[in-house]
Amino acid sequence: MISLIKTTLALLTGTLLLLSTHSLAFTEQNADKPYEDALKSFYISELNAAIIHLKNALKNDPKHLPSMVLLAEVYIAMGDGASAENQLEKAQNNKADESKVLPLMLEAYLLQQKYKEVINAPIAADTQKKQLNKIAILQGRAFIAMNNLAQARILFQKALEHVPNSIKAQLGLAQVYLLKGNILQARAYLSQVLAVSPTNSIALTMLANIEQQVGNKLESLSIISQVIELNNKDFPALLTRASLYIELGNFQLALNDIDVITTEIPNEPKANYLKIIANSALGNTKEVEETTAHINVVLTGLPEEVMKQNPVYLYLAGVLSFQQQENLKAQEFLQKYLAIINNDTRALKLAAQVELSLNSPFRAKTLLVKSKLVDPDDIETWSLLGQTYTILGELQLAENYLIDVVNNKDNPKALFDLANLEMLTGKFSQAIIHLEQAKSLDTNVSLIVLLAEAYQKNNQFEQALEQLDLALTLQNDDSVLHLRKGILLGRLNKHLLAKKSLEQSLALNPNNLRTLVHLSRIDVIEQQSDKAIEKINKKVSELKEPNAFLLIELGNIHRITKNNNDALDAYKKAFSVDNNNPTALINIIEMQVMLGQLKEAITLTNKFLNKNNKVGSVYLALANLYMADKAYEKAFSTFELAVKNSNDKSNIYNVFADAQLSRSDFEGATLSLKRSISWNSENVDSYLKLFNIYVEQKNERLALDILQSISERSTNLVFLKNLEGDLYRQLEKFDKAENLFLVSLKKSKNRQAVYGLYRVYKQQKQFSKALSLLTDWTNDNPQDITSQIAIADTLVATNQLQRAAEKYQNLMKEFSEMPILLNNAAQVFIKLNQFPQALAHAEKAHSKLPDNVAIMDTLAWSYTLNEQADLALPIFRQVIIKDFNNAEIKYHLAVALYQLNRKGEAKKYLKTAIESENAFPDKSDAIALMKKLSGE
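Residues numbered from 1 in each chain as written. Predicted model: local features only at pLDDT ≥ 70, side-chain atom pairs only at ≥ 80, totals over all residues. Heavy atoms only, no water.

**Student:** How would you sum up the overall build of the protein chain? Please name residues and give values.
**Tutor:** Along the backbone of the protein chain there are 55 helices and zero strands. Out of the 936 residues belonging to the protein chain, those deemed buried represent 51%. For the protein chain, the proportion of contacts with a sequence separation of at least 24, taken over those separated by at least 6, is 52%. A total of about 43800 Å² of accessible surface is found on the protein chain, and carbon and sulfur atoms cover 51% of it. (Helix = DSSP H or I, 4+ residues; strand = E, 2+ residues; numbered from the N terminus. Buried < 20%, exposed > 50% of the residue type's maximum accessible area, 1.4 Å probe, protein only. Contact = heavy atoms within 4.5 Å. Areas by Shrake-Rupley, 256 points an atom, 1.4 Å probe, with all protein chains shown as cover.)

Encoded structure:
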């Protein structure tokens, strides 16, 4: 019995925080009464009642965001992580703010023992300190569960850096030291907590555990009983008291506490374990057998990765792992192999490819240099070194190796092959140079056609047409050449000439399906879609077997004509004909996303990749699907697979950077854009994105370096001056910025320069100059509504509120009652204290754009200012879930709650608004209201 008790204590102490009570969260939505009733029940820990109310709320409105999130919080409080995760995923799909959802999702993961998901959670770069504190604490708890106390301590200390004196972080550190057996240090942290919060149940429970460990059982029992008096459903405290009762021989009292836990959480392993001990002592054999069987089922359901270690394979295992894209495993196996046989060039080259897949080009270079020393004549090693030096930005070395490859082959053919590679990687300008060199040595149709394609992809359409005409003088009876010319003429909007070339192509080969498809596209352009569909269907019926290419085109036509269901049906038919066709698949998933079938699209794409795991375009599509599904970690790892399996790595890295920027991962985006440029130095779009990052970071030197690179690839002076002007505007070097925008405007009166100059004046509060500039622009461009709104905004900034209101009224007469105009007008009327007019405009804006957060806040605030807080509250509940860190919204909600005499809740929202890192205009009013509430 003694050994069992000691084991029990170790289990209890080791997972204490995982069972801690959860802080109340102030949730969301409907003007729906069930939600507000649920919120009240949640506050007083009547969780079953809260669930009933929330299910009623969601029955009335299945997309009610506040109810989804509150229901997740209730499930978390009940220890049901899977149900909580399900609700939070629904909330994410309905655009709940990640800063609200993420900490709750981590708690749900913890309850399910999904520790890796907690540790690897994607955190946006702009996450506020309070959220970072919460996340670090939850990750620290995950490391405790994994028995990694060193990492747990680091995370809890990091949490304290974000929020000094954070009680939960101090409790985490106390637990770490308690698990390490350092009772003195654990007591020190608990003393700090109890000095601030004498009734903190977690601290008292841990203190009771310490007293239990040092043999002060009665003192421990006294402390833990105090905790349970505060909350008779405090599960960690009940577990501690049950273990104390067992030590003291009061087995029935132990079972009484255990029953309270298992009634709410029947699968809780530790409670069931104590139940076995207590029933064993009482001789309740049947109960012991039943509980033992139950806990065995629970443990069997734990993730396999928690139970097993991966095996070690060396070279062959490395090969297999690399083929299965398990690159970290491959790296480990190959390192061990090369430690034994260090001169095997096969392993060195494979290990280098693994390192490139893991974005470790420096390690790859080391391995390849060694391989070259072993076998200096291995051309594959040279090629890999060329790729590696390109990634590292050592372009001269990269070029040297690639030229070595070229020089070791027949020159024209080698140049052709190199150009082919450059085409695949998007380096069209360089491909043109090499193809022109090859053409001067050996003119043949294949080379000329590739040169035409290079010019076309480089947007040099006239030069491409010249090459195709040359190819046709050499081979005029080639249906494909006439097809290429027809396609190119279509790109040049020369549709009659294009049609003539395509008809020549079809006359030479009536079975050239691509020609037929392009002729049908001309029908669509000429608004004869029915004719195009008839043409395709006729050919489909003539063929002996269904043709995926034609069915895809049929889907495209339906898609253009907005017949989405017909388009999806055609794509699915194409895919049934050829289920290895990535084009058919990508079209299907695009339609599924459009039709709201995101999960189905992800499932289908993964199924395809299980059979076809080398298709970069499909990995890219899957990465974008994961981004839409907010599965960011999966998305980022899939982008890496897209890079690995795509020839045009520059484009993939460019798209990857967009995804990283959407998550405020500027460091990652910068690296991706540099890699994009290293793969294709002519990718101007990547330069522009990198320039914008450096501008945002106010890094003048690096931004100017990139601007120089852009200027080497663009002769558009207006474009370049506007970029430089925006850089100096961000750096607040306003004189320089103004001069640059004026130079741009002198060259050409353009919108970008006008808006850049307007922002310069606005930032310096030179409102008369801003008004003069905008008025001049709108006189010439009266349909530019953005500039009209900017004029109204400038009037507001100069406190010309009546003029601003009149401006918005005139704009609504001219441009119709657009939601943005209605919303902005409502805000002006609020500033004028004309609250009924504000409400009238806000209601109209909301009727036109009901899901926009800014419009919802304006409407709810207008209701509040019109003394209709009961109508405002349900809207505020929705808004706060969609924009959780918005301090102004929290202040508005606090005012509404104050009007409804819910002062306690109002104070909590006021506190978080005032302490927010984000400034808001009414902060002084928020502070005044807090003082008033504190004095009542």
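After that view, the rundown keeps rolling.
**Student:** Could you give an account of the nonpolar core, naming the residues involved and the relevant values?
**Tutor:** Ranked by size, the top nonpolar core spans 131 residues in total, and within it Phe-691 and Tyr-808 carry the most contacts. Setting aside its immediate chain neighbours within four residues, Tyr-808 contacts Ile-789, Ala-792, Asp-793, Leu-821, Asn-824, Ala-825 and Val-828. (Core = buried A, V, L, I, M, F, W, Y, C linked by side-chain atoms within 4.5 Å.)

**Student:** Any details on the packing of helix H2 (residues 33-43) against helix H4 (residues 65-77)? Residues and values, ideally.
**Tutor:** Two elements in contact, H2 and H4, have axes whose closest approach is 11 Å; the angle formed by their N-to-C orientations is 25 degrees. The orientation of H2 with respect to H4, classified from their angle, is roughly parallel. Judged by the sense of rotation from one axis to the other, the crossing of H2 with H4 is left-handed. Across from Tyr-35, Ala-38, Leu-39 and Phe-42 in H2, the residues of H4 making contact are Pro-66, Ser-67, Leu-70, Glu-73, Val-74 and Ala-77. Its residues assigned to classes, the contact of H2 with H4 comprises eight nonpolar, one polar and one charged. (Axes fitted to C-alpha atoms, helices over the stretch in contact; angles between N-to-C directions. Parallel < 35°, antiparallel > 145°, perpendicular 65-115°, else oblique. Left-handed = near helix turned anticlockwise from the far one by under 90°. Nonpolar A, V, L, I, M, F, W, Y, C, P; charged D, E, K, R; others polar.)

**Student:** Outline the environment of Glu-219, listing residues and values.
**Tutor:** Examined against the element boundaries, Glu-219 turns out to sit in helix H13 (residues 217-230). Considered as a pair, Glu-219 and Ala-208 are 11 residues apart in the sequence and their alpha carbons are 7.5 Å apart.

**Student:** I'd like to hear about the side chain of Ser-744, residue by residue, with values.
**Tutor:** Summarising the element assignment, Ser-744 is placed in helix H44 (residues 734-747). Its relative accessible area of 0% is what places Ser-744 among the buried residues. The residues touching Ser-744, leaving out its near neighbours within four places in the chain, are Val-718, Lys-721, Asn-722, Asn-750 and Ala-753.

**Student:** So what about the packing of aromatic side chains? Which residues, and what values?
**Tutor:** Under the defined criterion, the tally for this structure stands at six aromatic pairs. Judged by centre distance (6.0 Å) and plane angle (10 degrees), the ring pair of Tyr-177 and Tyr-189 falls under stacked. Of the two residues, Tyr-177 sits in helix H10 (residues 167-179) while Tyr-189 sits in helix H11 (residues 183-196), which places them 12 residues apart along the sequence. Grouping residues by exposure puts Tyr-177 and Tyr-189 together as buried. Summarising the aromatic geometry, the rings of Phe-639 and Phe-656 are spaced 4.8 Å apart at their centres and angled 20 degrees between planes, so their arrangement reads as stacked. (Phe/Tyr/Trp six-rings, centres within 6.5 Å; stacked < 30°, edge-to-face > 60°.)

**Student:** Break down helix H48 (residues 801-815) for me, citing the residues and quoting the values.
**Tutor:** The end-to-end C-alpha distance of H48, which contains 15 residues, comes to 21 Å, matching closely the 21 Å that a straight helix rising 1.5 Å per residue would cover. For H48, the set of buried residues is Leu-801, Ala-804, Ala-805, Lys-807, Tyr-808, Leu-811, Met-812 and Phe-815. Buried residues of H48, seen end-on, are gathered within an arc of 155 degrees and therefore sit on one face of the element. On its buried face, H48 sits against helix H47 (785-797), helix H49 (819-831) and helix H50 (835-848). Ser-816, located one to two residues past H48, shows a positive phi value of around 85 degrees. (Expected span 1.5 Å × (residues − 1). Arc of directions from axis to C-beta.)

**Student:** Can you tell me about helix H3 (residues 47-60), naming the residues and giving the values?
**Tutor:** Taking 1.5 Å per residue, 14 residues should reach 20 Å; H3 reaches 20 Å between its end C-alpha atoms and fits that length. Where H3 is buried, its residues meet H2, H4 and helix H5 (81-93).

**Student:** Please set out unusual backbone geometry residue by residue, giving values where relevant.
**Tutor:** Excluding glycine, a negative phi dihedral is what most residues carry, and trans is how most peptide bonds are arranged. Of note, the phi angle at Lys-95 is positive, near 70 degrees, even though the residue is not glycine. Tracing the backbone through its elements, the reader meets Lys-95 in the loop between H5 and helix H6 (98-111). With phi around 60 degrees, Lys-765 is a residue other than glycine that occupies positive phi space. Structurally, Lys-765 can be placed in the loop between helix H45 (751-763) and helix H46 (767-780).

**Student:** So, the pattern of salt bridges: which residues are in play, and what are the values?
**Tutor:** Considering all chains together, one arrives at 37 salt bridges under this definition. A network of salt bridges, in which partner residues are shared, links Glu-36, Arg-877, Arg-902 and Glu-905. (Salt bridge = Lys/Arg side-chain N within 4 Å of Asp/Glu carboxyl O.)

**Student:** Explain the side chain of Asn-209 to me, using residue names and the numbers behind them.
**Tutor:** Along the chain, Asn-209 falls in helix H12 (residues 201-213). We classify Asn-209 as buried; its relative accessible area is 2%. Of note is the side chain of Asn-209, whose polar atom sits 2.9 Å from the backbone oxygen of Thr-205. (Polar contact = N/O pair within 3.5 Å; in protein donor to acceptor, adjacent residues only side chain to side chain.)

**Student:** Break down the environment of Glu-503 for me, with residues and values.
**Tutor:** Position of Glu-503 among the secondary structure elements: in helix H30 (residues 495-508). Spatially, the C-alpha atoms of Glu-503 and Gly-486 are 8.8 Å apart, while their sequence positions differ by 17 residues.

**Student:** Quick one: what's the story with the confidence of the model for the protein chain, residue by residue and with numbers?
**Tutor:** Counting all residues, the mean pLDDT for the protein chain is 84, and 88% of those residues have values of 70 or more. Low pLDDT (under 50) marks residues 1-31, which in the prediction has 115 contacts with non-local residues, meaning those over four places away or in another chain. With pLDDT under 50 throughout, residues 302-314 is counted as low confidence; its partners more than four residues away or in other chains account for 11 contacts. (pLDDT = per-residue confidence, 0-100.)

**Student:** Summarise the environment of Lys-932; cite the residues concerned and give the values.
**Tutor:** With respect to the helices, strands and loops of the structure, Lys-932 is situated in helix H55 (residues 923-935). A polar contact is formed between the side chain of Lys-932 and the side chain of Tyr-898, at a distance of 3.0 Å.

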